[in-house]
Amino acid sequence: MVQIVISSGGTGALAQWLLVELQGEVEPRQSGGLAGSLLGDLHYTHEGVPVLIVGHHILYGKVVQLEKPFAVLVKEGGAPQPSPAGPHGHYTVTALIKTKLLFKTRPKPIITHVPKKV
Amino acid sequence: AAVRSRAEVDATLQTAKLNPAELLPAVHCLSFGPRAGGECCLLQLEPGLCAELEAGRSLVIRGEKDEHAVLCSKDKTYDMKIADTSNMLLLVPGCKTAEELNADPASCNIIHSQIAGFSKNYWELRRCRPKLKKLRKLLMEDPYEGPDSEKDQTSTFSKYTTEDLLSLIQASEEEILHQLQVIDACKVEGYWRILDFDYEMKLLNHVTQLIDSESWPLSKVPLCACLEELGSLEPREMIEHILLSYGRKYVDDGEIFFEMREDKICRAIAQMLLQNAVKFNLSEFQEVWQQSVPEGMTTRLDQLQGLALVDKSSRPETIFLLKVEDLPEDNQERFNSLFGIREKWTEVDITPYIQDLCAEKQTVGALLTKYARSSMLNGVKVYNSRR
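- An unreviewed UniProt entry lists chain B under the name Sister chromatid cohesion protein DCC1, from Polioptila caerulea.
- Recorded in UniProt for chain B, the comment headed Sequence similarities (unreviewed entry) runs: "Belongs to the DCC1 family."

- Looking at an unreviewed UniProt entry, one finds chain A named CTF8 protein, with Polioptila caerulea as its source organism.
- Of chain A, the UniProt comment under Sequence similarities (unreviewed entry) reads exactly: "Belongs to the CTF8 family."

### Let's talk about the overall build of chain B
So, step 1. If you tally the helices and strands in chain B, you get 15 helices and 18 strands.
So, step 2. Here the C-alpha atoms of chain B give a radius of gyration of 31 Å, more than 25% beyond the 21 Å that 2.2 N^0.38 yields for 387 residues.
So, step 3. A burial count over chain B gives 47% of its 387 residues as buried.
So, step 4. Here the contacts in chain B between residues at least 6 apart in sequence split such that 62% fall between residues at least 24 apart.
So, step 5. Approximately 20,200 Å² of chain B is accessible, and the part contributed by carbon and sulfur atoms is 48%.

### Some words on the packing of aromatic side chains
Residues and elements named next belong to chain B.
So, step 1. With the rule as written, the count across this model stands at 10 aromatic pairs over all chains.
So, step 2. Relative to Phe118, the ring of Phe32 lies with its centre 5.9 Å away and its plane at 85°, an arrangement referred to as edge-to-face. Residue Phe32 is located in strand E1 (residues 27-32), and its partner Phe118 is located in strand E7 (residues 117-127); the two are separated by 86 residues in the primary sequence.
So, step 3. With a relative accessible area of 2%, Phe32 lands in the buried category.
So, step 4. Directly above the ring of Phe257 sits Lys220, whose terminal nitrogen or CZ lies 4.9 Å from the centroid.
So, step 5. Taking NZ or CZ as reference, Lys264 lies 5.2 Å from the ring centre of Tyr246, over its face.

### What about the interface of chain B and chain A?
So, step 1. The partner chain A presents 63 residues to the 74 residues of chain B that form the contact.
So, step 2. Considering only the side of chain B, the residues that lose the most area to chain A are Leu30(B), Phe32(B) and Met88(B), jointly responsible for 10% of the buried surface there.
So, step 3. If you look at where chain B meets chain A, you find three salt bridges.
So, step 4. With its nearest N and O atoms 2.9 Å apart, the salt bridge here joins Asp41(A) to Arg4(B).

### Re the layout of surface pockets
Residues and elements named next belong to chain B.
So, step 1. Considered as a void within the structure, the largest pocket measures approximately 1,600 Å³ in volume.
So, step 2. Every residue lining the largest pocket is counted, 44 residues in all, and those nearest its centre are Arg136, Gln179, Val182, Ile183 and Glu325.
So, step 3. If you list the elements that add at least two residues to the lining of the largest pocket, you get helix H4 (133-139), helix H7 (173-182), helix H8 (197-214), helix H10 (236-246) and helix H11 (262-274).
So, step 4. Partitioned by chemical class, the residues of the lining of the largest pocket number 17 nonpolar, nine polar and 18 charged.

### Things to note about the sheet that holds strand E17 (residues 372-377) of chain B
Residue and element names in this part refer to chain B.
So, step 1. Read from one edge of the open sheet, three strands run E16-E18-E17, paired in antiparallel fashion. Edge positions in the sheet fall to strand E16 (345-346) and E17, since each of these pairs with one other strand and no more.
So, step 2. Against the sheet, helix H13 (residues 331-341) engages E16, E17 and strand E18 (380-385), with an angle of about 115° to E18.

### Some thoughts on the state of the cysteines
All names here are of chain B.
So, step 1. Within the structure shown, the criterion is met by zero disulfides over all chains.
So, step 2. Cys224 provides the cysteine sulfur closest to Cys226, a residue in no disulfide bond, and the two sulfurs are 9.4 Å apart.
So, step 3. Taking the relative accessible area as the measure of exposure, Cys226 reaches 0% and is therefore buried.
So, step 4. Cys266 carries a free sulfur, and the closest cysteine sulfur to it, the one in Cys226, is 18 Å from it.

### Here we look at the environment of Ser374(B)
Residue and element names in this part refer to chain B.
So, step 1. Its location among the elements puts Ser374 in strand E17.
So, step 2. Along the backbone, Ser374 and Glu347 are 27 residues apart, and their C-alpha atoms lie at a distance of 9.9 Å.
So, step 3. Those residues in contact with Ser374 that sit more than four places away from it in its chain are Lys381, Val382 and Tyr383.

Thresholds, definitions, all that
- Residues numbered from 1 in each chain as written.
- Chains lettered and ligands numbered in written order.
- Predicted model: local features only at pLDDT ≥ 70, side-chain atom pairs only at ≥ 80, totals over all residues.
- Heavy atoms only, no water.
- UniProt positions renumbered as here; feature names shortened; annotations may be inferred.
- Helix = DSSP H or I, 4+ residues; strand = E, 2+ residues; numbered from the N terminus.
- Rg over C-alpha atoms; globule rule 2.2 N^0.38 Å.
- Buried < 20%, exposed > 50% of the residue type's maximum accessible area, 1.4 Å probe, protein only.
- Contact = heavy atoms within 4.5 Å.
- Areas by Shrake-Rupley, 256 points an atom, 1.4 Å probe, with all protein chains shown as cover.
- Phe/Tyr/Trp six-rings, centres within 6.5 Å; stacked < 30°, edge-to-face > 60°.
- Lys NZ or Arg CZ within 6 Å of the ring centre and 35° of its normal.
- Buried area = accessible area lost by both parts, 1.4 Å probe.
- Salt bridge = Lys/Arg side-chain N within 4 Å of Asp/Glu carboxyl O.
- 1 Å grid on protein atoms, 1.4 Å probe; cavity = no way out; pocket = protein on both sides within 12 Å on 5 of 7 lines; lining within 4 Å.
- Points joined across faces, edges and corners; volume = space filled by probe spheres on them.
- Nonpolar A, V, L, I, M, F, W, Y, C, P; charged D, E, K, R; others polar.
- Pairing = 2+ DSSP bridges.
- Axes fitted to C-alpha atoms, helices over the stretch in contact; angles between N-to-C directions.
- Disulfide = S-S within 2.5 Å.

Here it is, written out as structure tokens:
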């Protein structure tokens, strides 16, 4: 039987990450994948409302404390698709996620797109 | 990768017609990290599991290739399933909330945050019953018939240690150890064994005969005297094991005694009688049964729940062996099997045969509603198959 261990590696407290949840797809402007490319700027209003500017859109979101936190698992050996049917393996818990920024409202398009030369 | 400057951020704000005065000064510039592929995956944690991981404990995914995978903590088992969301989930290390930014006045103006991974799905967990039927099946491959049994010497069957069982059973360690206790398994030379029923009855008989000849009260059977008197007939560990299985251990004035368990002993003797035929005349059985149990014990039909079934429709009434542990583990298969044995069941009769299927907060009633159809028969509510 396959046994895959999920553990934190025991070196100190687990990192806390944030989850950013967006509707739909995120596509790179240029071909060549997303790696290395910018997504956008994340601001917060004084009331704590997250505001994300992505490309030509402004997204307003809200902070959600997750009832069920997530563990971020990274497979040892770097296989791309995690699958319980593989041979004995090990997943490391890299971080925990207890909060997410949920952007559900329809993005407001930025109508005037005039990049300002600085 | 381009690194955004304050000026660029401000320019974007202006284009977007957002008023910087309404925003906190700090901004996160999010970009995709160099390895932001599908290497990370998300596991949604049920209550308690987060604390387990934070305490440094591990979880284990277990399953054969043809089984659904389960996730086990030290003491619980969960079904695993992939949940798809239509949304994009971005994993951002070191991203702060507004609260955290406000709490730290020295927050950098521009925080360059790299998205470590993204996903459109995550693993979802649901607490489930541990898959323990396999445990009994494995141990029944080679029941222990005693030290004199030639079979044990030359046995080619696998024997299982705790570690072996952990690698074969889809359950947590505590659930496995608990079940081993429930089925009265014992360790012989480091391996978990189930006693062959005839051998078990032989051991029990030694003890009950001794109790009778010594006129000990059933509630106060001394361990030492048993070991002394019976030690020449059977291994001491086996004598102690049978006392532990069929009695409740306690200490009185520094000495160990056992309070014999009437219900369990009567039940075992009933099994011994019933396994010799397909069915019995009920009243004849009850007579023989009462005569076969130790002096001072009283037999009752309710001691046989989940072991035997009475057929009240036959003339004369009959009783036959039906062990719940021989029935399928899967809910639907269990009900199919039960309705194959008998078309219509009362709730009282069927309960002992479905009780073990109940999930954490599920009732027998809920199971019946889901898997059976009810009707009235001679003024009594009965359940039959939905098929």
